[in-house]
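Fold and geometry: a report
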Protein chains: 2
Amino acid sequence: MKIQRQISQKAYHADHSFMGSYQKLIKDTVIPYQYSVLKDEAEGAEKSHVIANFINAGKALRGEDAGDGYYGMVFQDSDLAKWIEAAAYSLTSFPDPELERTADEAIGLVAAAQDEDGYLNTYYTIKDRDKRYTNLLEGHELYCSGHMMEAACAYYEATGKDALLEVMEKNMEHIYDYFITQGHEGYPGHPEIELALMKLYRVTGNEHAKKLAEHFINVRGVDPHFYEKEAKKRDWTVWNANPSDYNYMQAGAPVRKQTRATGHAVRAVYLLTGMADAASEDEDASLLAACERLWDNITKKRIYVTGGIGSTFMGEAFSTDYDLPNDTAYCETCASIGLMFFASRMLENQVRGEYGDVMERAFYNTVLAGMSLDGKRFFYVNPLECAPGISGISPTHRHVLTTRPGWHTCACCPPNAARLISSIGKYAYGENESTAFCHLFAGGHVEFGNGLTLDCETEYPYGFQVKYTILKGNGGLALRIPGWSKTHSLLLNGATANASMKEGYAYIQVRTGDVIELLLDDQPYRIYASSRVPRLTGCTAIGRGPLIYCFEGVDNGGDVMGLSLKREGVLTVGPAAPGLPPSTGTLLAEALKAEAMNGLYSQKPPAQTPVTATAIPYYAWCNRGENQMRVWMPTA
Amino acid sequence: MKIQRQISQKAYHADHSFMGSYQKLIKDTVIPYQYSVLKDEAEGAEKSHVIANFINAGKALRGEDAGDGYYGMVFQDSDLAKWIEAAAYSLTSFPDPELERTADEAIGLVAAAQDEDGYLNTYYTIKDRDKRYTNLLEGHELYCSGHMMEAACAYYEATGKDALLEVMEKNMEHIYDYFITQGHEGYPGHPEIELALMKLYRVTGNEHAKKLAEHFINVRGVDPHFYEKEAKKRDWTVWNANPSDYNYMQAGAPVRKQTRATGHAVRAVYLLTGMADAASEDEDASLLAACERLWDNITKKRIYVTGGIGSTFMGEAFSTDYDLPNDTAYCETCASIGLMFFASRMLENQVRGEYGDVMERAFYNTVLAGMSLDGKRFFYVNPLECAPGISGISPTHRHVLTTRPGWHTCACCPPNAARLISSIGKYAYGENESTAFCHLFAGGHVEFGNGLTLDCETEYPYGFQVKYTILKGNGGLALRIPGWSKTHSLLLNGATANASMKEGYAYIQVRTGDVIELLLDDQPYRIYASSRVPRLTGCTAIGRGPLIYCFEGVDNGGDVMGLSLKREGVLTVGPAAPGLPPSTGTLLAEALKAEAMNGLYSQKPPAQTPVTATAIPYYAWCNRGENQMRVWMPTA
């Protein structure tokens, strides 16, 4: 048995807690809405055409007229894949014959769009079958295959139906044949298939899947000039990507020699997830060392306090160490989702609190901020500051939208959030033969593989008591003690538990009937940044539990830019802000508000008035119209 | 007589004051060095080839082999023009037969490169004469002509020699014939010729020059689609400029209807200078109103405290109101030079202190910062913060160099600074029939057109007493009282002068033998920014006189990012910093220094130690190697 693994999808059932309500939102709103988008039936949303693409590809393969052909980004297929994956996960919590029938139909379309030889991609099948695998730099075929493999695994896990799994195992064999048996050069421009192949291997046991994943990991960057050579061989391009920008696609050096997280942030964390999978599967020390090195670079030098990564819009990419602008931050929702994948896989290599801490920070802040509270609108970019008039308008702020759109031309983030949230149990709980792991605090019912069954009750992230009742079984229970919690206490049946602490986890032995209560620090706290981050000097952020809070105009007289937090001021918990769900906490901070100044500059300091400033959780921002917003506040 | 005009070039002779020492630096170092660059004889500098371009164009016109042809930017000609202009100005203060001979030779090359019909541009003459005027969007022919017209006026003014003036009057007639007589559509992609034509008009009295300037001003933006139509007619491009980006070249609306300063900042202020020229020449109220509106937009919403403008590197352009990032600031040296041109021309329309204040702020800070103290190295970009490790490296900071290079591929700024400094008397002093105006405080000897002659003695910008001795004549004397000076006193022959104040100027009557002493505020001051500028909230800058100060690593233990200025702390004048000229002042500020933090974020506030932080004038930064630098400091 490995160190520990994610629990299976069916092992966790959320209750009516925070996690459960988000899963219900995904089921009730996001999944149906997104399917209507994929079918181009959602009013006001960007055209998707992905369902039509699969239908048309099937027609093309049968020699029929391909209708209105292909439309969309080159990776449009992946939107349907992520939807199927989310639907699969959701079915385990919320059985729904109609949804299952819809998914089965979609899977039928996918199967019909697969070529006889196993190849699957509607862009190439409709547009030009001769271009297959000739543009790994931009083509996203392996990326789309990867997402569909993940969907296949999820649907099989959820329903036991293996139609899609068969399709994707056949597709995997086709790719294996091309790259391994036939020995064609190359590796995916956008990593994703590596982690998907590892999932496929774990579900099917097919060694080809694992070997192919390892192949793509091992050849990456060995010849950094591969994409240049590839580009010379073809006379077409998708969007003129620069084949010499090796670091953009993490191909500047073999992965084991890379020391800094570079380039497109989503690509980087997807690749790292696959690497961490392979490291734990093979107990590959050099691969794990590379994962740790890049983890450290990301989480110690290149991450926002909200768990956002990829600070520059120029390439949706990692910038350089300590370059963390608030107002022009990119912080793609998908990048933080990918960071959670990576963190979860690092936990499968080594159980360390820092992995869970980062996973939690990313989830409760950037990932959830990617979606409106009603589940209908989505941010791709998650800035830490928004100033209407500049945000979305200045040339360096065009990507920073001031309100969430309903859908995006490049629609990677919304379905990615849906599949993550509906499978959150896998990230919250882990297991090995002897021990059950609680990485996140997710209310609900969990049946671990070793028979241990428990109920978890908590008001987290607004309540800081987490109560576990062991319903059945006995064995080890490991609870992550969050790094943000300055104090904690752990009770076993009402008495202080005899727990052993190791690398941020409390380990105890439990048996049927035991009640374990974890009490975490409920005090709001201030956060300070290293002066190595020039943009954060003199500033303070505030948080409570895993939540980072932000100040929004609507709660603060329309203006948060004039506010400074008093250095030693009182910080208290307040009632929900008007217009937000009653459960949504606020923090109230003693602050000073500067009076408006005529002109830009003055030798006269602006008069400052003491005020109580109201902060809401960052994930809940921008649910009440266009607004100023700020996470890091000047300190008065 | 108009409101007032710049004095003539020969009217001012600097003494050994600050201005004089800069003029000497230009004469001794910058002009010879730049000529060696233009001839490609400067070691380590980027190749210029501009002299060779003129030689080769002459050959091409004579039907000879054009040697190694053309090299450089499409506007390379203008580098020689600006050098001739600077040399001309310098000759009036520092007669130098060898420099004059060199300039005469260069002028000979220019004359030989002029086509029979008056056309002049080496790029098109060498490369393809049929492409003349077919790409006003990118082609820079009118821009280069404009600069050479300015050089011709300057050289005539300085030496009385009219060879270049004849060449450029002929060139002007060629352009007049093409655009006015023949009626071809279009206006320059990069404004400059407008202001140059107004100079040519004032020197020659040729009405065609004025009419052509007014034509280019009046047709601009009337058909914003002109560049798109032009682009459709040709099959070539210089650098794929977008013809639909109207605002980039100030062509989104007729100039009289424009309300915001948009696009490429240098283009904007060059255009505005020509507009202000035409407004004062014609007493054109609607044109002046447009100038005032755009002046207000720039100086009340889009300017840095250093007088830098054009805050975004994306297009070297104006961004949007209140978007003034310190670390990614563009603040091109040429843009602040152009802003001085504009301010000086606004003073020719209305004598108001704000014009002189902005001109002074731009000169003493951004313009001078563009050049190293030894006159050998130049900044194109003038950030208000530099963090080695991020600056120059992060994708959004690549333009922010941490040290001045010797020359630039696009070498507009160094010769622009040279011509500005060597003609600074025109900006410092103005005149009409009855009154002598002192806009800037420039030590030296001035003979105004009405016979009034004075000596000005001052240690400005480090001393705050300005003493004027009237050597000859009588009449009005108008002294600008800087906006930064909270107090002032004005003495006439030792007694309080009976001055009348009007719009920031003190007006008195003087006669031969009078001694006027102006005492300005010598106290260091703090500057605060409007909270409408998100990037400056919680920050303080410091200044003394016209100088804005900055904190550099070398004076502050290598780290300025950990420094916060104490809100009510003491601010004193200190001795020169090690490695800077003894005359260079410093300011010492009570500050707190944060200790380094492990990792990025912490709930524990970093310990802060009281320190005395040392600030140097912003213009003097980066003369002691690569360094952290910051103008706006967090306030503790």
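Residues numbered from 1 in each chain as written. Chains lettered and ligands numbered in written order. Predicted model: local features only at pLDDT ≥ 70, side-chain atom pairs only at ≥ 80, totals over all residues.

Another aspect to go through is the overall build of chain A. Looking only at helices and strands, one finds 16 helices and 24 strands in chain A. Computed over C-alpha atoms, the radius of gyration of chain A comes to 24 Å, within 12% of the 26 Å expected from 2.2 N^0.38 for 636 residues, which places it in the range of a compact globule. Overall size of chain A, expressed as C-alpha extent along the three principal axes, is 75 × 65 × 50 Å. Counting all 636 residues of chain A, 59% fall into the buried class. When contacts within chain A are restricted to residue pairs at least 6 apart in sequence, those whose partners lie at least 24 apart make up 70%. (Helix = DSSP H or I, 4+ residues; strand = E, 2+ residues; numbered from the N terminus. Rg over C-alpha atoms; globule rule 2.2 N^0.38 Å. Buried ≥ 20, exposed ≤ 12 C-beta atoms within 10 Å, placed from the backbone. Contact = placed C-beta atoms within 7 Å.)

Below, the discussion takes up the interface of chain A and chain B. Counting from both sides, the interface comprises 49 residues of chain A and, opposite them, 50 residues of chain B. Elements supplying a minimum of two residues to the side of chain A that touches chain B: helix 12 (285-301), strand 15 (525-529) and strand 21 (601-602) of chain A. With five residues, the top contributor of residues to the side of chain A that touches chain B is strand 15 of chain A. Of the pairings in the sheet, the one linking strand 21 of chain A to strand 15 (residues 525-529) of chain B comprises two bridges and is antiparallel in character. Residue pairing for strand 15 of chain B: A:Y601 is matched across the bridge by B:A529. (Pairing = 2+ DSSP bridges.)

Residues and elements named next belong to chain A. Taken together, the six strands give an open sheet; going across it, the order is 1-4-5-9-13-12, and neighbouring strands pair in mixed fashion. Single-partner strands in this sheet number two, and they are strand 1 (5-6) and strand 12 (500-502). Pairing between strand 4 (residues 429-431) and strand 5 (residues 435-438): three bridges, direction antiparallel. Note that in strand 5 the partner of E431 across the bridge is A436.

Residues and elements named next belong to chain A. Considering the arrangement of structural elements, one finds N365 in helix 14 (residues 353-369). Separated by 126 residues in sequence, N365 and W239 have C-alpha atoms that sit 32 Å apart. Once residues within four sequence positions are removed from consideration, N365 is found in contact with T306, G307, L547, I548, Y618 and Y619.

Before going further, it helps to examine the sheet that holds strand 13 (residues 505-510) of chain B. To summarise the sheet geometry, strands pair through backbone hydrogen bonds and adopt either a parallel or an antiparallel arrangement. Residues and elements named next belong to chain B. Spatial ordering of the open sheet is given by 1-4-5-9-13-12, a layout of six strands whose pairing is mixed. Both edges of this open sheet fall to strand 1 (5-6) and strand 12 (500-502), since each of them pairs with a single strand only. When strand 9 (residues 475-480) meets strand 13, the two strands line up antiparallel, connected through six bridges. Bridging across to strand 13, A478 finds its partner in Y507.

For an interface, size is often stated in terms of accessible area lost upon the parts coming together. Residue and element names in this part refer to chain A. Under the domain assignment used here, chain A contains domain 1 (262-422), domain 2 (432-520) and domain 3 (525-634). Between domain 1 and domain 3, the C-alpha centre-to-centre distance is 23 Å. Contacts between the two partners involve 22 residues from domain 1 and, on the opposite side, 24 residues from domain 3. Elements with a minimum of two residues in the side of domain 1 that touches domain 3: helix 14 and strand 3 (385-386). Looking at which element gives the most residues to the side of domain 1 that touches domain 3, the answer is helix 14, with six residues. Of the residues in the side of domain 1 that touches domain 3, the class split is 12 nonpolar, six polar and four charged. (Domains from an automatic or database assignment. Nonpolar A, V, L, I, M, F, W, Y, C, P; charged D, E, K, R; others polar.)

Of the transformation placing chain A onto chain B, the axial shift is 0.1 Å and the rotation is 180°, giving an RMSD of 0.0 Å. Taken together, the rotation angle and the small translation identify this as a two-fold axis. Of every C-alpha in chain A, the one belonging to A:A636 sits nearest the axis of rotation, 3.4 Å from it. Mapped onto chain B, 100% of the interface residues of chain A are again interface residues, and the two copies thus contact each other with one and the same surface. (Least-squares fit on C-alpha atoms with pLDDT ≥ 70 in both.)

Quick look at helix 12 (residues 285-301) of chain B now. Residue and element names in this part refer to chain B. Spanning 17 residues, helix 12 covers 24 Å between terminal C-alpha atoms, matching the ideal 24 Å at 1.5 Å per step. Buried within helix 12 we find L287, L288, A290, C291, L294, W295, I298, T299 and K301. If you follow the buried residues of helix 12, they end up packed against helix 11 (265-282), helix 13 (333-347) and helix 14 (353-369). (Expected span 1.5 Å × (residues − 1).)

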